[in-house]
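# Coordinate inspection notes
Chain residues, written in single-letter form:
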Amino acid sequence: MVPQHVAMIMDGNGRWAKKRYLPRVAGHARGVKRVRDIVEFCIARDIPYLTLFAFSTENWKRPVDEVNHLMGLFVSALEGEVSKLHKNGIRLRVIGDLQPFTPRLQALIASAEARTAGNDRLTLTIAANYGGQWDIQQAFGGWLKARHAAGRSTAEPVSPKDIDLEPYLAMAYAPNPDLLIRTGGEQRTSNFLLWQSAYAELYFTDTLWPAFDAAQMEQALAWYAQRERRFGQTSQQVLSVAR
Ligand code: IPE
Ligand code: IPE
Ligand code: MG
């Protein structure tokens, strides 16, 4: 089975560069190249959703030069790649709190999303200034606002099952990720898609992101194909439905 939605934590750019006595930013530049290869791979394999973690809500804590460089890379990638994405039938979405970005970056994101909105071959989502905790908080805000607009009083008691956050999550347009890949050797989510990856298969590899190529992706998919996804049921139940 091919996953419908692959999410990736692209980690290890800095270490890749350090090993080569290069500045950390050289690793980020190489990382952008890898994104192209993985996008092509997903198109070739008919994977309809690819989501990439590019910048977390915690990454602002990095040295200002590195943050600025990452923002610059984002701008140049949008300026340089959107036409190609569009030609290839890719819909681009950006999730995260875009408010702190420069007006120029925000405008580039808005125009890229609008231009590619009609495409459906692959939905490529870039998570930028994204945090899973932020997502749940903003979704709750959206839910509360809708409830208020419907004239419900804030004093009314609510039970957990009444709080339907799903329509308000940043990626409400996509199915939940089936496969979550993290490169760079760490085995943590670092505040990525906390809600959405409740039943994602988690794949960790020591390969650093700038070295993660199509062959590595192939390995991850082969591993995924061996998983039995039970969603809380027993193996017997799952097998009887599959038969
Ligand atoms: C991932 O690579 C890219 C971003 C978080 C922006 P890192 O920059 O985290 O690289 P390492 O983990 O320090 O090697
Ligand atoms: C996770 O990588 C975020 C991205 C890949 C964008 P980090 O390098 O920021 O994660 P930690 O700090 O090692 O957990
Ligand atoms: Mg890292």
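Coordinates for the structure precede this section.
Our subject in this report is the structure included herewith. This is a predicted model, so every value here is computed, not measured.

By size, the foremost hydrophobic cluster in this structure holds 42 residues, and its most contacted members are M8, L50, F74, L78, L124, I181 and M217. Take this core: its biggest share by element is eight residues, from helix α3 (residues 64-87). Setting aside chain neighbours within four positions, we find M8 in contact with I38, L50, T51, L52, F53, L180, I181, F192, W209, F212 and M217. F53, Y130, Y173 and A200 belong to the second-largest nonpolar core, a separate cluster that totals 15 residues.

To continue, consider the pattern of salt bridges. For the coordinates displayed, the defined rule picks out 18 salt bridges. R15 is the partner of E186 in a salt bridge, and the nearest nitrogen-oxygen pair spans 3.9 Å. Here the residue E186 occupies a position in the loop between β5 (179-182) and β6 (201-204), and R15 occupies one in helix α1 (residues 13-19), the gap between them amounting to 171 residues. Take E186: its relative accessible area is 25%, and that puts it in the partly exposed class. Note that R62 and E66 form a salt bridge whose closest N and O atoms lie 2.8 Å from each other. Residue classification places R62 among the partly exposed positions, given a relative accessible area of 29%. Classification of E66 as buried rests on a relative accessible area of 7%. Linked by salt bridges that have partners in common, D11, R15, R182, E186 and R188 make up one network.

It is worth spelling out the site of ligand 2 at this point. I9, M10, D11, F53, A54, F55, N59, R62, R182, R188 and S190 make up every residue found near ligand 2. At 2.5 Å, a side-chain N or O of S190 approaches an oxygen atom of ligand 2. When ligand 2 sits alone it has 390 Å² of accessible area, and the protein chains cover 78% of it. Per element, the largest residue contribution to the shell around ligand 2 is three residues, and it comes from strand β2 (residues 49-56). Taken together, the residues that form the shell around ligand 2 break down as five nonpolar, two polar and four charged.

All right, on to the site of ligand 1 then. Among the 13 residues in the neighbourhood of ligand 1, the closest are listed as D11, G14, R15, R24 and R62. The separation between an oxygen atom of ligand 1 and a polar main-chain atom of R15 is 2.7 Å. Burial of ligand 1 by the protein chains amounts to 87% of its free accessible area of 380 Å². The dominant element in the shell around ligand 1, judged by the number of residues it contributes, is α1, at three residues.

A regular strand places its side chains on the two faces of the sheet in alternate fashion. Within strand β4 (residues 122-130), nine of the nine residues are buried, which leaves it mostly tucked inside the rest of the structure. Judged from the seven bridges that link them, β2 and β4 form a sheet pairing that is parallel. Bridge pairing in β4 places F53 opposite A127. Looking at chain direction, strand β3 (residues 90-95) and β4 are connected through six bridges and run parallel. The residue bridging V94 from the neighbouring strand is I126, located in β4.

For α3, which comprises 24 residues, the first-to-last C-alpha distance of 35 Å matches the rise-based estimate of 34 Å (1.5 Å per residue) to within 8%. At E81, α3 is bent by approximately 50°, the largest bend along its length. Residues of α3 that are buried: E66, V67, L70, M71, L73, F74, V75, L78, E81, V82 and L85. Buried residues along α3 sit in contact with α2 (24-44), β2, β3, α4 (103-115) and β4. In the segment just after α3, G89 is the residue with positive phi, at about 75°.

Attention shifts here to the packing of α2 against helix α6 (residues 214-225). Axis separation between α2 and α6 bottoms out at 10 Å; the angle between their running directions is 50°. The angle between the axes of α2 and α6 places the two elements in the oblique class. Taken as a pair, α2 and α6 cross one another with a handedness that is right-handed. Here I38, F41 and C42 of α2 lie close against α6, whose contacting residues are A214, M217, E218 and L221.

Calculation rules
Residues numbered from 1 in each chain as written. Chains lettered and ligands numbered in written order. Predicted model: local features only at pLDDT ≥ 70, side-chain atom pairs only at ≥ 80, totals over all residues. Heavy atoms only, no water. Core = buried A, V, L, I, M, F, W, Y, C linked by side-chain atoms within 4.5 Å. Buried < 20%, exposed > 50% of the residue type's maximum accessible area, 1.4 Å probe, protein only. Helix = DSSP H or I, 4+ residues; strand = E, 2+ residues; numbered from the N terminus. Contact = heavy atoms within 4.5 Å. Salt bridge = Lys/Arg side-chain N within 4 Å of Asp/Glu carboxyl O. Near = heavy atom within 4 Å. Polar contact = N/O pair within 3.5 Å; in protein donor to acceptor, adjacent residues only side chain to side chain. Areas by Shrake-Rupley, 256 points an atom, 1.4 Å probe, with all protein chains shown as cover. Nonpolar A, V, L, I, M, F, W, Y, C, P; charged D, E, K, R; others polar. Pairing = 2+ DSSP bridges. Expected span 1.5 Å × (residues − 1). Bend = angle between axes of the 7 residues up to and from the residue. Axes fitted to C-alpha atoms, helices over the stretch in contact; angles between N-to-C directions. Parallel < 35°, antiparallel > 145°, perpendicular 65-115°, else oblique. Left-handed = near helix turned anticlockwise from the far one by under 90°.

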